[in-house]
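The chain contents come next:
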Amino acid sequence: MRFEPVIGLEIHAQLLTDSKIFCGCTTTFGASPNTHTCPVCLGMPGVLPVLNQQVVEFAMKMALATHCTIAPYSQFARKNYFYPDLPKGYQISQYEFPLARNGWVDVATEVTVRRIRIHRIHMEEDAGKLVHDEFQPVSYVDFNRTGVPLLEIVSEPDIQTPEEAAAYLRTLREVLRYLEICDGNMEEGSMRCDANISLRPLGTEPLGVKTELKNMNSFRNVQRALEFEIRRQTALLERGEPVIQETRLWDANRNVTLSMRGKEEAHDYRYFPDPDLVPIVVANDWVEAVRAKLPELPDAKRERFIRDYGLPTYDGEVLTSSKALANYFEAAVGAFPQPKTVSNWIMSELMRELKRDDRDIEACPVAPDNLAELLHLIDSGTVSGKIAKSVFEQMYATGKRARAIVEENGLVQVKDEGAIEKVVDEVLAENLTEVERYKAGNEKLLGFFVGQIMRKTKGKANPQLVNDILRKKLSSSWNQLP
Amino acid sequence: METKISIEEVRHVAILARLELTEREELRMTEQMNSILSYMDKLSELDTRDVPATTHAIQLENVSREDLVNPSLDRARALHNAPQNDGVNFVVPKVI
């Protein structure tokens, strides 16, 4: 029997507010433990949490960007459980009345574009961080993260493959980053993902028993964990054994998911409305005011790049994969209006360097107008395309202007026919045997001569002129040494 | 007395609340909780057909604050009441 997976994802996104969701402590990441706490986020008795307005606005932006309906009435609820990362004994979340429901995003994989529905988006507070002692039976708790605002985005079980799950995650990350409400850093945990997955016989309707996967801190791990889980559940079902509903942790070192059985108690969160926090009532004019503030979103930008700049779909996708990269492209095109040339340089030279150094485009040492300057130098024939690549490397390494590097290193292209002719003559004279073989029909040797000439001119000779002069000299009229 | 809550439910709630009860206490709790819940029945005598459910005694909505950072507690003060700390972290029995 063949099985098909049914996958749903739960994403937690830390919002880029300055202060926490219910108190004025800073949300800055990476501080010394327990230096960003106060009576509210430590859960002292008698304190009163007050909602950060910005959290609601950010949540509404995400809801609108993913085509959700914003609830006219929503409410916070207490989710009760005991775990030491939670000082109050409950997490403030939303339950019966989430801020938004019923959205969707279109997700492209290499094979298809499919619409994945979003079940709900709600606001909640993050928990603290636990570090377990390796040798002693103690754990250390840091409450700096406690109360940092989170969005929980829950998909419908519409995802059909691990690739699609990773693509869905990338799509949402892109939207969050475009909205500038989350930095989307999975390694640092500012974006986290849990997955629900079950299998059912291909083409049937009822859902099988699902497992919940946790601890996948990269796109790759999400995909690999799901792939493993499909293999594991398939093997169970083929042997006629049941899949047990449980939470499993992804172990990235061993490439397996492991059961948390025995360590997990049955969930009984006893949600109830938080009496400390009043309802959020959103009238239509508020929704429209937030909608008016939405920036151009990835899909729209991609389409505009393809349409207005005449770029291939692939270029449009790569260049709009982050807002900063798209801005870089547009700034460079503004100064050098040949979109495809700019796109080629960004996607090859620039992105290769950035990837090697694991740098974001924001930290790129080559400013967009400096890239444009280099492209102008190529366009006007001042430098050859080949030299330009090494100039670019120096621009990237030093941050210097293109023109300055070209001038300092004497890299201006030689377009003087007489000068080139002289070098061509020298090279031919030094390689008489090859000249004979060329004339005997081995035309592949043309490249050899070009190489020799380029070496002598340190790559500065204009390639077109070199080719022209060389062909002329090698044609029948040239049969004499100079 | 009418049974609103069983001893099994009392045990379950005790586990959730991390309470260790003796058998006698379980019985006593069951009895007392049933008595409390029966008392609550008095509320059912009211006709609430046209009253929407509410969670707050006062009619307030959209109370929020601006996204502004305030100073946090000094760490020594934050850790002061902890049963155990190492000067940097709260220290708790190991949980994984």
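The structure displayed is predicted, hence computed values, not measured ones.

The next thing to look at is the domain arrangement of chain A. All names here are of chain A. Looking at chain A, the domain boundaries give domain 1 (3-286), domain 2 (296-408) and domain 3 (417-475). Each of domain 1 and domain 2 was reduced to a C-alpha centroid, and the two centroids are 36 Å apart. Taken together, the contact between domain 1 and domain 2 spans seven residues of the former and ten residues of the latter. Carbon and sulfur atoms supply 55% of the area buried between domain 1 and domain 2, which totals about 770 Å² over both sides. Three residues stand out in domain 1 for area buried against domain 2, namely Glu-174, Arg-177 and Tyr-178, and they jointly supply 74% of the buried area on that side. Arg-302 serves as the salt-bridge partner of Glu-174, at 3.8 Å between the closest nitrogen and oxygen. Linking domain 1 with domain 2 are three residue pairs in polar contact (both at pLDDT 80 or more). Looking at the side of domain 1 that touches domain 2 element by element, the count peaks at four residues for helix H2 (residues 162-178).

All right, on to the environment of A:Met260 then. Residue placement: A:Met260 occurs in the loop between strand E15 (256-259) and strand E16 (272-273). When the C-alpha atoms of A:Met260 and A:Pro39 are compared, they prove to be 33 Å apart, with 221 residues separating the residues in sequence.

On to the pattern of salt bridges. All names here are of chain A. Applying the stated criterion across every chain, the model contains 41 salt bridges over all chains. Close ionic contact of Asp-106 with Arg-115 constitutes a salt bridge, the shortest N to O distance being 2.9 Å. A relative accessible area of 26% places Asp-106 in the partly exposed class. Note on Arg-115: relative accessible area 45%, which makes it partly exposed. Salt-bridge contacts for Asp-126 lead to Arg-192; the nearest nitrogen and oxygen are separated by 2.7 Å. Note that Asp-126 is positioned in the loop between strand E8 (113-125) and strand E9 (129-132) and Arg-192 in strand E12 (residues 191-201), a separation of 66 residues in sequence. A relative accessible area of 4% means that Asp-126 is categorised as buried. What you see here is one network of salt bridges that share partners, running through Glu-349, Arg-352, Glu-353, Arg-356, Asp-357 and Lys-389.

Another aspect to go through is the sheet that holds strand E5 (residues 77-80) of chain A. Overall, antiparallel pairing links the three strands, which are arranged E6-E5-E16 (chain A) in an open sheet. Unpaired on one side and paired on the other, strand E6 (90-93) and E16 of chain A mark the two borders of the sheet.

This part takes up the packing of aromatic side chains. Residue and element names in this part refer to chain A. Counted by the stated rule, this structure contains twelve aromatic pairs over all chains. Taking the centre distance of 5.1 Å and the plane angle of 90° together, the rings of Tyr-309 and Phe-329 count as edge-to-face. With Tyr-309 in the loop between helix H5 (298-308) and helix H6 (313-319) and Phe-329 in helix H7 (residues 323-335), the pair connects residues that are 20 residues apart, well separated along the chain. Relative to Phe-449, the ring of Tyr-438 has its centre 6.3 Å away and its plane inclined at 70°; by these criteria the two rings are edge-to-face.

Cut-offs used in this document
- Residues numbered from 1 in each chain as written.
- Chains lettered and ligands numbered in written order.
- Predicted model: local features only at pLDDT ≥ 70, side-chain atom pairs only at ≥ 80, totals over all residues.
- Heavy atoms only, no water.
- Domains from an automatic or database assignment.
- Contact = heavy atoms within 4.5 Å.
- Buried area = accessible area lost by both parts, 1.4 Å probe.
- Salt bridge = Lys/Arg side-chain N within 4 Å of Asp/Glu carboxyl O.
- Polar contact = N/O pair within 3.5 Å; in protein donor to acceptor, adjacent residues only side chain to side chain.
- Helix = DSSP H or I, 4+ residues; strand = E, 2+ residues; numbered from the N terminus.
- Buried < 20%, exposed > 50% of the residue type's maximum accessible area, 1.4 Å probe, protein only.
- Pairing = 2+ DSSP bridges.
- Phe/Tyr/Trp six-rings, centres within 6.5 Å; stacked < 30°, edge-to-face > 60°.

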